[in-house]
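Residue-level listing of the chains:
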Amino acid sequence: MEINWNDGELIDLDKSDSLMARDLSKTDLYGVFLRGNENRWFTYVGIGSGDGDVIARIPPASWGPDYALALVTNTSYISVGTNEKVTAFLGSVAMPLDRSGIKDREFETDDLQVGQYITDSFWDRTRFSMVPAGERYEATVERDESSPQAVVMKFNRPNSKLVVLGWDDPNLYATKSTRGNFDLEKHEDSFSEKWFNGQSVVWMNANGAAKGATLSVGIPAKTSTSDSSGGS
(Lines give C-alpha, C1' and ligand atoms only; values in the text may rest on other atoms or scores of the structure.)
Protein backbone atom coordinates (compact mmCIF):
# COMPACT_ATOMS: atom_id res chain seq x y z
CA MET A 1 0.00 0.00 0.00
CA GLU A 2 1.28 3.48 -0.89
CA ILE A 3 1.20 5.90 2.06
CA ASN A 4 0.88 9.67 1.56
CA TRP A 5 4.11 11.16 2.99
CA ASN A 6 3.69 14.78 1.93
CA ASP A 7 4.24 15.97 5.53
CA GLY A 8 7.46 13.93 5.84
CA GLU A 9 6.44 12.73 9.29
CA LEU A 10 8.18 10.08 11.39
CA ILE A 11 6.61 6.79 10.40
CA ASP A 12 7.08 3.05 10.90
CA LEU A 13 7.24 1.49 7.46
CA ASP A 14 6.44 -2.17 6.87
CA LYS A 15 7.84 -4.15 3.95
CA SER A 16 4.36 -4.43 2.45
CA ASP A 17 3.99 -0.62 2.23
CA SER A 18 5.74 2.30 0.52
CA LEU A 19 5.97 6.05 1.13
CA MET A 20 5.39 8.81 -1.42
CA ALA A 21 6.13 12.51 -0.85
CA ARG A 22 4.97 14.81 -3.66
CA ASP A 23 5.04 18.53 -4.50
CA LEU A 24 8.61 18.97 -3.24
CA SER A 25 10.81 21.93 -4.18
CA LYS A 26 13.37 20.98 -6.81
CA THR A 27 15.81 23.57 -5.45
CA ASP A 28 15.84 22.20 -1.89
CA LEU A 29 18.10 19.49 -0.49
CA TYR A 30 16.20 16.71 1.30
CA GLY A 31 17.39 14.05 3.69
CA VAL A 32 15.65 10.71 4.11
CA PHE A 33 16.49 9.72 7.69
CA LEU A 34 16.25 5.96 8.22
CA ARG A 35 16.57 3.70 11.25
CA GLY A 36 16.40 -0.08 11.52
CA ASN A 37 14.01 -1.70 13.96
CA GLU A 38 16.50 -3.99 15.71
CA ASN A 39 16.48 -6.17 12.59
CA ARG A 40 18.71 -9.24 12.72
CA TRP A 41 19.88 -8.93 9.11
CA PHE A 42 20.80 -6.14 6.74
CA THR A 43 17.86 -3.99 5.71
CA TYR A 44 17.67 -2.62 2.17
CA VAL A 45 15.68 0.55 1.52
CA GLY A 46 14.98 1.83 -1.98
CA ILE A 47 14.66 5.61 -2.39
CA GLY A 48 13.21 6.78 -5.69
CA SER A 49 13.23 10.34 -7.04
CA GLY A 50 13.29 12.44 -10.18
CA ASP A 51 17.07 12.66 -9.67
CA GLY A 52 17.58 8.91 -9.77
CA ASP A 53 17.29 6.04 -7.34
CA VAL A 54 19.54 4.80 -4.53
CA ILE A 55 19.45 1.70 -2.34
CA ALA A 56 20.44 2.32 1.27
CA ARG A 57 21.77 -0.55 3.37
CA ILE A 58 21.14 -0.46 7.12
CA PRO A 59 23.31 -2.84 9.17
CA PRO A 60 21.82 -4.97 11.94
CA ALA A 61 21.83 -3.38 15.38
CA SER A 62 24.33 -5.98 16.59
CA TRP A 63 26.88 -4.48 14.20
CA GLY A 64 26.55 -0.91 15.47
CA PRO A 65 24.27 2.09 14.84
CA ASP A 66 21.47 0.87 12.59
CA TYR A 67 20.83 4.01 10.55
CA ALA A 68 21.21 5.42 7.06
CA LEU A 69 20.90 8.89 5.51
CA ALA A 70 19.96 9.45 1.86
CA LEU A 71 20.32 12.95 0.36
CA VAL A 72 18.16 13.93 -2.60
CA THR A 73 17.66 17.13 -4.60
CA ASN A 74 16.37 18.28 -8.01
CA THR A 75 13.13 16.35 -7.59
CA SER A 76 9.43 16.98 -7.02
CA TYR A 77 8.85 13.60 -5.36
CA ILE A 78 10.56 11.01 -3.14
CA SER A 79 9.41 7.42 -2.67
CA VAL A 80 10.61 4.90 -0.08
CA GLY A 81 10.24 1.11 0.02
CA THR A 82 11.93 -1.54 2.16
CA ASN A 83 12.45 -5.28 2.57
CA GLU A 84 12.17 -5.07 6.40
CA LYS A 85 10.53 -2.80 8.94
CA VAL A 86 12.19 0.63 9.25
CA THR A 87 11.37 4.04 10.66
CA ALA A 88 11.74 7.06 8.40
CA PHE A 89 11.24 10.80 8.33
CA LEU A 90 12.03 13.53 5.81
CA GLY A 91 14.26 16.50 6.60
CA SER A 92 15.02 19.84 4.90
CA VAL A 93 14.87 23.55 5.74
CA ALA A 94 11.09 23.08 5.97
CA MET A 95 10.55 19.36 6.55
CA PRO A 96 9.06 17.55 8.24
CA LEU A 97 5.86 19.55 8.37
CA ASP A 98 4.46 17.11 10.95
CA ARG A 99 7.07 16.87 13.72
CA SER A 100 5.27 14.47 16.03
CA GLY A 101 7.71 12.11 17.73
CA ILE A 102 10.71 14.36 16.96
CA LYS A 103 12.45 16.66 19.44
CA ASP A 104 11.77 20.02 17.79
CA ARG A 105 13.17 23.32 19.09
CA GLU A 106 13.63 26.75 17.58
CA PHE A 107 16.69 28.59 18.89
CA GLU A 108 15.68 32.20 19.62
CA THR A 109 18.89 34.02 18.67
CA ASP A 110 17.66 37.61 18.29
CA ASP A 111 18.06 38.55 21.96
CA LEU A 112 21.49 37.00 22.50
CA GLN A 113 24.24 39.29 23.75
CA VAL A 114 27.99 38.98 23.17
CA GLY A 115 29.29 35.92 25.00
CA GLN A 116 25.85 34.32 25.36
CA TYR A 117 25.05 30.88 23.91
CA ILE A 118 22.06 28.56 23.60
CA THR A 119 22.99 24.89 24.09
CA ASP A 120 20.90 21.75 23.70
CA SER A 121 21.51 18.04 23.13
CA PHE A 122 20.65 15.89 20.15
CA TRP A 123 18.66 12.88 21.31
CA ASP A 124 17.09 10.02 19.40
CA ARG A 125 15.55 12.16 16.65
CA THR A 126 16.09 15.90 16.87
CA ARG A 127 15.41 19.01 14.79
CA PHE A 128 16.91 22.36 15.80
CA SER A 129 16.02 25.44 13.73
CA MET A 130 17.09 29.09 13.79
CA VAL A 131 17.37 32.21 11.64
CA PRO A 132 20.67 33.89 12.64
CA ALA A 133 20.65 37.46 11.41
CA GLY A 134 24.28 37.78 10.37
CA GLU A 135 27.92 36.80 10.54
CA ARG A 136 28.33 37.51 14.26
CA TYR A 137 26.81 34.17 15.25
CA GLU A 138 28.78 31.00 15.90
CA ALA A 139 27.53 27.41 15.92
CA THR A 140 29.42 24.46 17.43
CA VAL A 141 28.53 20.76 17.24
CA GLU A 142 30.35 18.68 19.85
CA ARG A 143 30.36 14.90 20.17
CA ASP A 144 29.56 13.42 23.57
CA GLU A 145 32.51 11.44 24.91
CA SER A 146 30.26 8.41 25.44
CA SER A 147 29.30 8.30 21.75
CA PRO A 148 31.73 6.81 19.17
CA GLN A 149 30.18 8.86 16.35
CA ALA A 150 27.80 11.75 15.75
CA VAL A 151 26.30 12.39 12.31
CA VAL A 152 24.48 15.72 12.03
CA MET A 153 23.02 17.33 8.89
CA LYS A 154 22.81 21.12 8.57
CA PHE A 155 20.24 22.25 6.01
CA ASN A 156 20.74 25.81 4.78
CA ARG A 157 20.29 27.44 1.39
CA PRO A 158 22.69 27.31 -0.35
CA ASN A 159 25.48 25.85 1.83
CA SER A 160 24.25 22.69 3.59
CA LYS A 161 26.76 20.56 5.49
CA LEU A 162 27.01 17.01 6.77
CA VAL A 163 29.01 17.05 9.99
CA VAL A 164 30.58 13.73 11.01
CA LEU A 165 32.33 13.54 14.38
CA GLY A 166 34.30 10.38 15.09
CA TRP A 167 36.47 8.02 13.09
CA ASP A 168 33.93 6.02 11.08
CA ASP A 169 32.51 7.07 7.72
CA PRO A 170 28.80 7.96 7.68
CA ASN A 171 26.25 5.53 6.23
CA LEU A 172 25.44 8.04 3.50
CA TYR A 173 23.72 7.70 0.12
CA ALA A 174 23.07 10.49 -2.38
CA THR A 175 21.52 11.04 -5.80
CA LYS A 176 23.54 12.50 -8.65
CA SER A 177 22.56 16.19 -8.36
CA THR A 178 23.44 16.48 -4.67
CA ARG A 179 27.10 17.02 -5.54
CA GLY A 180 27.80 20.69 -4.93
CA ASN A 181 24.69 21.06 -2.75
CA PHE A 182 26.41 20.11 0.51
CA ASP A 183 29.87 19.90 2.05
CA LEU A 184 31.20 17.03 4.17
CA GLU A 185 32.89 18.12 7.40
CA LYS A 186 34.67 15.28 9.21
CA HIS A 187 36.35 15.87 12.56
CA GLU A 188 37.18 13.90 15.66
CA ASP A 189 35.34 15.75 18.43
CA SER A 190 33.80 19.06 17.32
CA PHE A 191 33.01 21.40 14.45
CA SER A 192 32.45 25.17 14.54
CA GLU A 193 31.49 27.79 11.99
CA LYS A 194 30.97 31.54 12.17
CA TRP A 195 29.15 32.32 8.93
CA PHE A 196 25.41 32.60 8.38
CA ASN A 197 23.45 34.24 5.58
CA GLY A 198 20.34 35.39 7.43
CA GLN A 199 18.29 32.44 6.15
CA SER A 200 16.77 29.49 7.98
CA VAL A 201 19.23 26.95 9.37
CA VAL A 202 18.09 23.47 10.44
CA TRP A 203 20.23 20.89 12.25
CA MET A 204 19.09 17.23 12.37
CA ASN A 205 20.90 14.15 13.65
CA ALA A 206 21.04 10.99 11.56
CA ASN A 207 22.26 8.47 14.12
CA GLY A 208 22.14 7.85 17.85
CA ALA A 209 19.41 6.42 20.05
CA ALA A 210 20.70 8.45 23.00
CA LYS A 211 22.57 11.67 23.61
CA GLY A 212 25.32 11.74 20.99
CA ALA A 213 26.13 15.41 20.49
CA THR A 214 25.30 18.96 21.56
CA LEU A 215 24.68 22.11 19.55
CA SER A 216 25.67 25.55 20.84
CA VAL A 217 24.72 28.78 19.05
CA GLY A 218 25.72 32.22 20.21
CA ILE A 219 27.74 35.36 19.73
CA PRO A 220 31.48 34.91 20.37
CA ALA A 221 33.26 37.48 22.50
CA LYS A 222 35.99 37.75 19.88
CA THR A 223 35.14 38.21 16.21
CA SER A 224 36.97 36.37 13.45
CA THR A 225 37.65 37.28 9.85
CA SER A 226 37.37 33.60 8.88
CA ASP A 227 34.03 32.44 7.54
CA SER A 228 34.21 29.01 9.13
CA SER A 229 36.53 26.84 11.18
CA GLY A 230 36.72 23.13 11.78
CA GLY A 231 37.22 21.48 15.13
CA SER A 232 39.57 18.75 16.11
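Rules and cut-offs
- Residues numbered from 1 in each chain as written.
- Predicted model: local features only at pLDDT ≥ 70, side-chain atom pairs only at ≥ 80, totals over all residues.
- Heavy atoms only, no water.
- Salt bridge = Lys/Arg side-chain N within 4 Å of Asp/Glu carboxyl O.
- Helix = DSSP H or I, 4+ residues; strand = E, 2+ residues; numbered from the N terminus.
- Buried < 20%, exposed > 50% of the residue type's maximum accessible area, 1.4 Å probe, protein only.
- Pairing = 2+ DSSP bridges.
- Axes fitted to C-alpha atoms, helices over the stretch in contact; angles between N-to-C directions.
- Phe/Tyr/Trp six-rings, centres within 6.5 Å; stacked < 30°, edge-to-face > 60°.
- Contact = heavy atoms within 4.5 Å.

Can you walk me through the pattern of salt bridges in this structure?
Pairing between side chains of opposite charge can happen when their charged atoms approach one another. A complete count under the given rule lists 13 salt bridges for this structure. Taking the shortest distance from any N to any O, the salt bridge between K103 and D120 comes out at 2.9 Å. On the criterion of sequence distance, the pair formed by K103 in strand 10 (residues 103–106) and D120 in strand 11 (residues 117–122) is long-range, its members being 17 residues apart. Overall, K103 belongs to the partly exposed group, its relative accessible area being 28%. The residue D189 makes a salt bridge to R143 at a minimum N-O spacing of 2.6 Å. Residue D189 is located in the loop between strand 17 (182–187) and strand 18 (190–193), and its partner R143 is located in strand 13 (residues 138–143); the two are separated by 46 residues in the primary sequence.

Mind showing me how you'd approach the sheet that holds strand 14 (residues 149–155) here?
Each strand in a sheet pairs with its neighbour through backbone hydrogen bonds, running either in the same direction (parallel) or in the opposite one (antiparallel). Ordered in space as 10-12-19-14-15-17, the 6 strands form an open sheet in which the pairing is mixed. Looking at the sheet topology across the chains shown, the edges are occupied by strand 10 and strand 17. Sheet twist, expressed as the mean angle between neighbouring strand axes with direction ignored, is 15°.

Just checking my understanding: could you explain the packing of aromatic side chains for this structure?
The relation between two aromatic rings is expressed through the spacing of the ring centres and the mutual angle of the planes. All told, the structure shown has 4 aromatic pairs when counted by the stated rule. Consider the rings of F33 and F155, whose centres lie 6.4 Å apart with planes at 70°: the pair is edge-to-face. Of this pair, F33 sits in strand 4 (residues 30–36) while F155 is found in strand 14, placing the two residues 122 residues apart along the sequence. Pair check on accessibility: F33 and F155 agree, each one buried.

Sorry if this is basic, but what is going on with the sheet that holds strand 1 (residues 2–4) here?
Read across the open sheet, the 5 strands follow the order 1-3-8-5-6; overall the sheet is mixed. Looking along the sheet, the strands with just one partner apiece sit at the ends: strand 1 and strand 6 (54–58). Neighbour to neighbour, the strand axes of the sheet diverge by 25° on average, direction disregarded. In the sheet, strand 5 (residues 43–49) pairs with strand 6 via 5 bridges, with the strands oriented antiparallel. The partner of I47 across the bridge, within strand 6, is V54.

Just to check I follow, could you spell out the pairing of strand 6 for this structure?
Look at any regular strand and the pattern is simple: side chains alternate between the two faces of the sheet. Burial of the side chains of strand 6 is restricted to one face: V54, A56 and I58 are buried, whereas none of I55 and R57 on the reverse face is. The turn joining strand 5 and strand 6, which pair antiparallel and follow one another in sequence, is formed by 4 residues; a positive phi near 110° is taken by G52.

Looking at this structure, how should I read the pairing of strand 8 (residues 78–82)?
Going residue by residue along strand 8, you find I78, V80 and T82 tucked away on one face and S79 and G81 left uncovered on the opposite face. Both strand 3 (residues 18–21) and strand 8 contribute to a ladder of 4 bridges, which runs antiparallel. What sits directly across from L19, in strand 8, is V80. Pairing between strand 5 and strand 8: 5 bridges, direction antiparallel. In the strand pairing of strand 8, G46 is matched with G81.

Is there a simple way to think about the environment of M20 in this case?
Structurally, M20 can be placed in strand 3. Apart from residues no more than four positions distant in its own chain, M20 is found in contact with E2, I3, N4, W5, N6, Y77, I78 and S79.

Any chance you could explain unusual backbone geometry here in plain terms?
Negative phi is the rule for most residues except glycine; trans is the rule for most peptide bonds. The step from M95 to P96 runs through a cis peptide bond, and the omega angle for that step is -5°. Assignment of secondary structure puts P96 in the loop between strand 9 (86–91) and strand 10. The backbone phi angle of D23 is positive, close to 60°, even though this residue is not glycine. Secondary-structure assignment places D23 in the loop between strand 3 and strand 4. Backbone geometry places N74, a non-glycine residue, at a positive phi of 55°. Within the secondary structure, N74 is located in the loop between strand 7 (67–72) and strand 8.

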